[in-house]
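# Reading the structure
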Amino acid sequence: ANLTAFRDTLGYVPQDDIVHQELTVERTLQYAARLRLSPETTPEEQNAIVCTVIEALGLTKQAGQRISTLSGGQRKRTSIGVELLTKPGVLFLDEPTSGVDPIARRTFWNIVHLLARRRGVSVMVSTHYMDEAEYCNRICIMSEGQIKAMDTPAAMKESYGTQNMNQVFLKIARNVEG
């Protein structure tokens, strides 16, 4: 009921990319800018915003490339770019690194940290890759729709007496299963 109040505040990128495969990165973001930005935004301002997002996501070389020819990580960054056009304060990403190689994962996390530091974006990530939890400031582990643990990675490892977040997750899962 209050979607318009949150339209520019929240961004959401689903696990499956929802960008048109035959458009280029730049064209995709230009169309999204026309749909998502305020009607008062001039074409010049829209173009500047699109260029800023492309650069911020490290997609300058791919700007003229069709989505269908991009790597999985590049496609995911383009999907994230659609949401970044409105400069959300909070960005929700569902399984953003599933199906991408380790280099693309590292690139993704570098970009997330840049967004948080330079733009002040709070990024919420759902993932099954517990090794990625090390990149997060805080972690919330859920099971069966309930929060089972929430803290920093270091505090969780200390609390559960483990060396890594995979071990933390396994200990929590065993307690849930009984």
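Further up the page is the structure itself.
Everything numeric in this text was worked out from a predicted model, so none of it was measured.

## Topic: unusual backbone geometry
Most peptide bonds take the trans form, and the phi angle of most residues other than glycine is negative. Positive phi, close to 55°, is recorded for Lys 87, a residue that is not glycine. Topologically, Lys 87 is positioned in the loop between α4 (72-84) and β2 (90-94). Note on Lys 87: relative accessible area 60%, which makes it exposed. Positive phi is not limited to glycine here, since Glu 144 has a value of about 50°. In this structure, Glu 144 sits in the loop between β4 (139-143) and β5 (146-151).

## Observations regarding the pattern of salt bridges
Taken as a whole and assessed by the stated rule, the structure comprises 7 salt bridges. Glu 132 serves as the salt-bridge partner of Arg 105, at 3.6 Å between the closest nitrogen and oxygen. In this pair, Arg 105 is assigned in helix α5 (residues 102-119) and Glu 132 in the loop between β3 (122-126) and β4, connecting sequence segments 27 residues apart. A salt bridge links Arg 138 to Asp 151, with the nearest nitrogen and oxygen atoms 3.9 Å apart.

Scoring rules and cut-offs
Residues numbered from 1 in each chain as written. Predicted model: local features only at pLDDT ≥ 70, side-chain atom pairs only at ≥ 80, totals over all residues. Heavy atoms only, no water. Helix = DSSP H or I, 4+ residues; strand = E, 2+ residues; numbered from the N terminus. Buried < 20%, exposed > 50% of the residue type's maximum accessible area, 1.4 Å probe, protein only. Salt bridge = Lys/Arg side-chain N within 4 Å of Asp/Glu carboxyl O.

Just geometry here; none of it tells us what the structure is for.
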